[in-house]
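# A structural walkthrough
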Protein chains: 2
Amino acid sequence: MTTNEKIAALRQEMREAGLVAYVVPGNDPHASEYMASHWCEMQWLSGFSGESGTMVVTMDKALLWTDSRYYLQAGIELKESEVELMRESDVDCPSIVEWLAAPTKAPMEGRRFIGLNPEMWSVDQFSAISHQLSEAGIGVKSIDLIKPIWTEGRPAIPTDKLYPYSADFAGETVESKLARMREKLAAMHGDSLIISALDEIAWLLNIRGNDVEYNPVVISYVVLEADKCSLFVNPDKIDSAAQNYLDFNNIDVQPYEAIFGYIAGLKGTICYDGAKVNEALYEAIQQSAIAKNIQSPILIDKAQKNAVELEGERIAMRQDAAALTRFFKWLEEEAFKKSTDRFTDRTQTASLTEWDLMEKLHEFRAMGENFIEESFGTIAGYQGNGAIVHYAATKENCAEVKPEGMLLLDSGGQYLDGTTDITRTVWLGGRIPQQAKLDYTYVLKGHIALQRARFPRGTRGNQLDALAKQYMWEAGITFGHGTGHGVGHFLGCHEGPQNVRTDNNPTPLAVGHIISDEPGIYRTGKWGIRTENLITVIPAKQTKATTTEDEWLQFETLTLCFYDTNLIEMSLMTEDEIDWLNAYHVRVYKETAPLLNADEAEYLARKCAAIEI
Amino acid sequence: MTTNEKIAALRQEMREAGLVAYVVPGNDPHASEYMASHWCEMQWLSGFSGESGTMVVTMDKALLWTDSRYYLQAGIELKESEVELMRESDVDCPSIVEWLAAPTKAPMEGRRFIGLNPEMWSVDQFSAISHQLSEAGIGVKSIDLIKPIWTEGRPAIPTDKLYPYSADFAGETVESKLARMREKLAAMHGDSLIISALDEIAWLLNIRGNDVEYNPVVISYVVLEADKCSLFVNPDKIDSAAQNYLDFNNIDVQPYEAIFGYIAGLKGTICYDGAKVNEALYEAIQQSAIAKNIQSPILIDKAQKNAVELEGERIAMRQDAAALTRFFKWLEEEAFKKSTDRFTDRTQTASLTEWDLMEKLHEFRAMGENFIEESFGTIAGYQGNGAIVHYAATKENCAEVKPEGMLLLDSGGQYLDGTTDITRTVWLGGRIPQQAKLDYTYVLKGHIALQRARFPRGTRGNQLDALAKQYMWEAGITFGHGTGHGVGHFLGCHEGPQNVRTDNNPTPLAVGHIISDEPGIYRTGKWGIRTENLITVIPAKQTKATTTEDEWLQFETLTLCFYDTNLIEMSLMTEDEIDWLNAYHVRVYKETAPLLNADEAEYLARKCAAIEI
């Protein structure tokens, strides 16, 4: 089927259902960041292959909203179909609701209804768009119109095996986690808790899987009750070892689709996190039951890593450090090795692309013990490409890298021990422009300031954001992305509720939270500089100077990798910052060298040499 | 009448009205920080003279909620009556609603009603407490039960004259302000705007008065309509000059109490700021009209001072600087001058109290051109008294000051030109403890960091809060009050919506906002250190380094007064900070010296001498 044929088929379904429009978001039923291809309805219908977008189809229009990262790609991919691109990053671009509500643009008469697949919207999203549409006099119908038309070639929901994740890694037994969550459920006067976020299920039941790229999760639902824990999952995913594990932990297994019927049978107070649980599950709740929208207690607990999880993170960080050391050594000493053409006697530099770097880095990481996969798609941004914040090179479409200029490298791994995410920016050769040194140093100073921060318990991430920005702000420079996102433990590389951003987030930083610390400066067409470590919140000692009874917190840096000291403008650095950096480099060497051979260790020692004013 | 007699009379009224409890808050009908004594119902009824508290009377209990600042005072003042003290700063103290809702503590049968005087609660407060009480099954009746019993000795509402405030000071004519507010009213589809905040009325109509201590405002209401502006004010307050002024500006004058009838006659959409407008005004709105709760457009505009207002502030600051210079010179050179007892031949130090300092400072300030009054009660906290954040010495109850140790001095003036608020902490003599120098320097570094900050437009005050705290945080020290409050122009020393605090405030800092910058460190029983300047937001130049299209903002320091450089621990200061301080001292001298005599100027020059590492 061509895109236009799919849209025509959808319109036929819309006509039969009495709908004037149908909206297809880029979501899955589990509010996942990375989705199984089975749920890529927006991509299938529109022909646009980017990760983020929303499709709207009316009887005479088919439109795709996406942001500026995807304008170019969407422009190319939509060319052959009737789908029009709505540039949602542009200030004059109407929102979907505005567009639907404007009678001149979507002329619809009488009582108008719009269709939404309730599985693809969280309860909160569904309720927000329904409310906005109802204010414009438009009704909403919960209906899946893609299922009847996407009959051929639809990828199945992945059937990879789930596997138990040992408490030796998780640091807490399932029994203990279930008991704690049941206490919390009782405290909120709930009789049952619906859990649909895949990382929450993986954490709660100490299970992992391979269903989603970059995230070792298992596609499933859970309903937790006082005396029962039901896992809704495709039975093909469970081998006998897994079955034994689930039986041992009194986890009742039911087919994935059985969740709807099961919820329909629940009585009393049913708790669900409306930000995560999809509308279809909510609609399955009986009228006689009480539905209670809460913040998931699993989200809160999962974010605060226990001692075993943190120790695992430290182990994973050493593996990552060895891989990065080998990579940078290769990049410096091997990648551009000149060969001499024996006919012309002219030296030639080996040709290298961003894609080659991504593959080579994967190779080194894959050597690491307990390495499973990348935790996200590596960003290797050479020169101007580094300034494109969500840059993703492909084999076909990537820049050649030369032994000169700036390289931004943002990558991470999923290890059985934990999840890593690190960015380093390095200078590959040639004269360093003074602005590049200034930019690198503003970023580094902010990056260090956040890691060095002490703060009273109760402090929110957004209160610390300016610490990472103050030096670049002084120079009139800022950046648009968050300064830090939460990170899971052998789970999502992005997790909530903790973060460090400009916008207000009511969550205070708490002991065991892991966040990234990644300020950046981006010069369009020239370079991008970002420096990122993962850090975790730890208690700080009361000092003698303390005037209040506040408990004090600080950060422990988890990530282990040297900075490119050639890029530092030393005149901007304070003594405290230099001391911090030198002590960090001593630690990087000490913790990484045991994993390296003599050559590699010697290389790392040079990279970690102390700097002085 | 004794307090118990007043309570008995109130209970009689409660019985007749069918109420089980009556709540008397420490508010006035205009949501004022400083109140005319006519409205001090809580103080009159309870016998407690502090500024902050709420009284609850049931048939068998009379209770006063107040915070820890007032425990001592309330304990003494309530001793002779049946009123019990509820220590609301204590963690186990129930809130008023919790206490009223607890059936064991306030046993009340059947349908229970509680009385509130709707004039004394803002619409938002009234709606919040009504909602909470209704969840506990308690109803609310709008009724004033103090009026019938407070018949003798009740102070009248002040009848001081109102006076026009020249546009030469205000920087904008009434005509222009009214036109702008009418545009804003139309933009929010409003037909009328009720204004009850006294500083908003004073700003809008360019009038001032003497009705409230520390705030040059006129007790009145305003209703603004497209073709009419009505001022509700006691006619005795208007002399012929004022009448001419109001006539000239087409402001219709009506009696103060006529506001209720006037509102009852309003049709269409009536806008009001529920955070400021009292419930009684709201209840006067007819059912057929539409009441629309909005943020006052006057609040927003008033906060962004125009060029004339800012120039006035700079003039007022120079007056303040001269007064403080004279005060500190007197304190250093005269106050403790030793006299020799001619009989014993022993030298004697003159005796001096905190109250003496307050009076002397007033004397110097009163010499200033266009000085009207203090902008708040001066805080002179000697040694341990400086650690009591809201310390208020009285003539009868204050400490003796000796030429040794620490003095915190927080004061401000109302000048026709503008409002000032400044804190300096100085060392009066003796050996300086090292911890005192460290504390002073942490505070100073934070105070300077906020003044030096540059930030992109859209930044909120709470994003900058950590800049002022980062150095003391590093030492494990923090403080509980806000870092900065908004300041009015010849109006309230505290105004919204701008501030710098830990809690989230959605208001971005905007050009023309004035805020204080006043970090502090408080050591119980030892000393309090606070350093405060007023600063205003100004546009910052784009630098060549700028990477984005953000507009940049920074602060201009308005306050002019030297710091006590003896208290600075120089080893903690960076070169940038020392440069900033030296440049500031050069400016202080340059702008203040022309107002001083030769001796004073010489003294100031010594105080402003450059410091070096």
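Residues numbered from 1 in each chain as written. Chains lettered and ligands numbered in written order. Predicted model: local features only at pLDDT ≥ 70, side-chain atom pairs only at ≥ 80, totals over all residues. Heavy atoms only, no water.

### Notes on the overall build of chain A
The secondary structure content of chain A amounts to 18 helices and 30 strands. Expected size for 613 residues packed as a compact globule is a radius of gyration near 25 Å; at 26 Å, chain A falls within 12% of this value. Along the first, second and third principal axes, the C-alpha atoms of chain A reach 75 × 60 × 50 Å. Relative to its 613 residues, chain A shows a buried fraction of 59%. Considering only residue pairs separated by 6 or more positions, chain A has 68% of its internal contacts joining residues 24 or more positions apart. With 57 positive and 89 negative side-chain charges, chain A shows a separation of 3 Å between the mean positions of the two kinds. (Helix = DSSP H or I, 4+ residues; strand = E, 2+ residues; numbered from the N terminus. Rg over C-alpha atoms; globule rule 2.2 N^0.38 Å. Buried < 20%, exposed > 50% of the residue type's maximum accessible area, 1.4 Å probe, protein only. Contact = heavy atoms within 4.5 Å. Lys, Arg positive; Asp, Glu negative; His and termini not counted. Charge placed at Lys NZ, Arg CZ, Asp CG, Glu CD.)

### Quick word on the interface of chain A and chain B
Frequently, the measure chosen for interface size is the accessible area that the parts lose on association. Contact with chain A, which involves 34 residues of that partner, is made by 34 residues of chain B. In terms of surface lost to chain B, no three residues of chain A exceed Gln463, Trp473 and Thr547 of chain A, which account for 23% of the buried area on that side. Linking chain A to chain B there are two salt bridges. On the surface where chain A and chain B come into contact, there are ten residue pairs in polar contact (both at pLDDT 80 or more). Counting residues per element, the ones that place at least two in the side of chain A that touches chain B are α15 (434–452), β23 (454–456), α16 (461–474) and β27 (520–523) of chain A. (Buried area = accessible area lost by both parts, 1.4 Å probe. Salt bridge = Lys/Arg side-chain N within 4 Å of Asp/Glu carboxyl O. Polar contact = N/O pair within 3.5 Å; in protein donor to acceptor, adjacent residues only side chain to side chain.)

### Concerning the sheet that holds strand β1 (residues 21–25) of chain B
Residues and elements named next belong to chain B. Taken in spatial order, the six strands of this open sheet run β4-β3-β2-β1-β5-β6, and their pairing is mixed. Among the strands making up the open sheet, the edge pair consists of β4 (84–87) and β6 (138–142). Ignoring strand direction, the axes of neighbouring strands in this sheet form an average angle of 25°. By the bridge criterion, four bridges tie strand β3 (residues 62–66) to β4 in an arrangement that is parallel. Bridge assignment links tryptophan 65 to a residue of β4, and that residue is methionine 86. Packed on one face of the sheet, helix α1 (residues 3–17) meets β1, β2 (54–58), β3 and β6 and runs near 65° to β2. Its contacts with the sheet put helix α5 (residues 123–135) on β5 (112–116) and β6, and the angle it makes with β6 is roughly 150°. (Pairing = 2+ DSSP bridges. Axes fitted to C-alpha atoms, helices over the stretch in contact; angles between N-to-C directions.)

### Notes on helix α9 (residues 240–248) of chain B
All names here are of chain B. For α9, every residue scored as buried is listed here: Ala242, Tyr245 and Leu246. Projected down its long axis, α9 shows its buried positions confined to an angular sector of 95°, all on one face. Residues Ser240, Asn244 and Phe248 are exposed on α9 and point more than 90 degrees away from its buried face. Along its buried surface, α9 packs onto β7 (163–164), α7 (174–187), α8 (198–205), β9 (207–208), β11 (228–232) and β12 (251–254). The backbone nitrogen of alanine 241 has a side-chain oxygen 3.2 Å away, supplied by the residue at the start of α9, namely aspartate 239. Taken from the residues just after α9, asparagine 250 is the one with a positive phi, measuring 55°. (Arc of directions from axis to C-beta.)

### Some remarks on the side chain of lysine 6 of chain B
Here lysine 6 of chain B lies in helix α1. Not counting chain neighbours up to four residues away, the residues in contact with lysine 6 of chain B comprise Met1, Trp44, Leu45 and Ile149 of chain B.

### Section: the pattern of salt bridges
The final tally for this structure, using the stated rule, is 66 salt bridges over all chains. With a shortest N-O distance of 3.8 Å, aspartate 576 of chain A and arginine 452 of chain A are connected by a salt bridge. Of this pair, aspartate 576 of chain A sits in helix α17 (residues 575–592) while arginine 452 of chain A sits in helix α15; the two residues are 124 residues apart in sequence, bridging distant segments of the chain. Given the relative accessible area of 28%, arginine 452 of chain A is considered partly exposed. Lysine 302 of chain B is paired through a salt bridge with glutamate 495 of chain B; the nearest N and O atoms lie 2.9 Å apart.

### Some details on the relation of the copies chain A and chain B
If you rotate chain A by 180° and push it 0.0 Å along the axis, it lands on chain B with an RMSD of 0.1 Å. Each copy turns onto its partner about a two-fold axis. Of the C-alpha atoms belonging to chain A, the one lying closest to the rotation axis is found on glutamine 463 of chain A, 2.7 Å away. Here 100% of the interface residues in chain A have copies in chain B that are interface residues too; the copies meet face to matching face. (Least-squares fit on C-alpha atoms with pLDDT ≥ 70 in both.)

### Structural notes on the environment of asparagine 278 of chain B
All names here are of chain B. Secondary-structure assignment places asparagine 278 in the loop between β13 (269–272) and α11 (279–283). Since its relative accessible area comes to 1%, asparagine 278 is described here as buried. Along the primary structure asparagine 278 and tryptophan 121 are separated by 157 residues, whereas in three dimensions their C-alpha atoms are 5.5 Å apart. Dropping the residues within four chain positions of it, asparagine 278 is found in contact with Pro29, Pro118, Glu119, Trp121, Ser122, Val123, Ser196 and Tyr221. A distance of 2.9 Å separates a polar side-chain atom of asparagine 278 from the backbone oxygen of proline 29. There is a polar contact of 3.0 Å between the side chain of asparagine 278 and the backbone nitrogen of leucine 281.

### Here's the deal with the packing of aromatic side chains
Applying the stated criterion to the full structure yields 37 aromatic pairs over all chains. Site record: aromatic cluster; members linked through ring pairs are Phe327, Phe328, Trp330, Phe562 and Tyr603 of chain A. The ring of tryptophan 203 of chain B has lysine 177 of chain B lying over it, and the distance from NZ or CZ to the ring centre is 4.2 Å. (Phe/Tyr/Trp six-rings, centres within 6.5 Å; stacked < 30°, edge-to-face > 60°. Lys NZ or Arg CZ within 6 Å of the ring centre and 35° of its normal.)

### Some remarks on the confidence of the model for chain A
Predicted confidence across chain A gives a mean pLDDT of 94, with 98% of residues reaching 70 or more. Two numbers describe this predicted complex: its pTM, 0.91, and its ipTM, 0.87. (pLDDT = per-residue confidence, 0-100.)

### Quick word on the sheet that holds strand β3 (residues 62–66) of chain A
Residue and element names in this part refer to chain A. Judged by pairing direction, the sheet is mixed, and its six strands sit side by side in the order β4-β3-β2-β1-β5-β6 without closing on themselves. Each having just a single partner strand, β4 (84–87) and β6 (138–142) make up the two edges of the open sheet. The sheet shows a mean angle of 25° between the axes of neighbouring strands, direction not considered. Against the sheet, helix α1 (residues 3–17) contacts β1 (21–25), β2 (54–58), β3 and β6, and its axis sits at roughly 65° relative to β2. Each of β5 (112–116) and β6 is contacted by helix α5 (residues 123–135), which is oriented at about 150° to β6, the strand it contacts most.

### Some details on the pairing of β1 of chain A
Residues and elements named next belong to chain A. By the criterion of burial, β1 is predominantly enclosed, with five of the five residues buried. Alternating positions in β1 separate into two faces, Ala21, Val23 and Pro25 on one and Tyr22 and Val24 on the other, with burial throughout. In this sheet, β5 lies alongside β1 in parallel orientation, the contact comprising three bridges. Looking at β5, one finds that tyrosine 22 is bridged to glycine 115. Bridge count for β1 against β2 is five bridges, and the pairing is antiparallel. Residue pairing across strands places valine 23 opposite valine 56, the latter belonging to β2.

### A short note on the pairing of strand β12 (residues 251–254) of chain A
Residues and elements named next belong to chain A. Pairing analysis gives four bridges linking strand β11 (residues 228–232) to β12, with the strands arranged parallel. Across the sheet, the residue bridging to serine 230 is aspartate 252, located in β12. Between β11 and its parallel partner β12, the chain crosses via helix α9 (residues 240–248), and the hand of that crossover is right-handed. (Right-handed = clockwise from strand over helix to strand, strands pointing away.)

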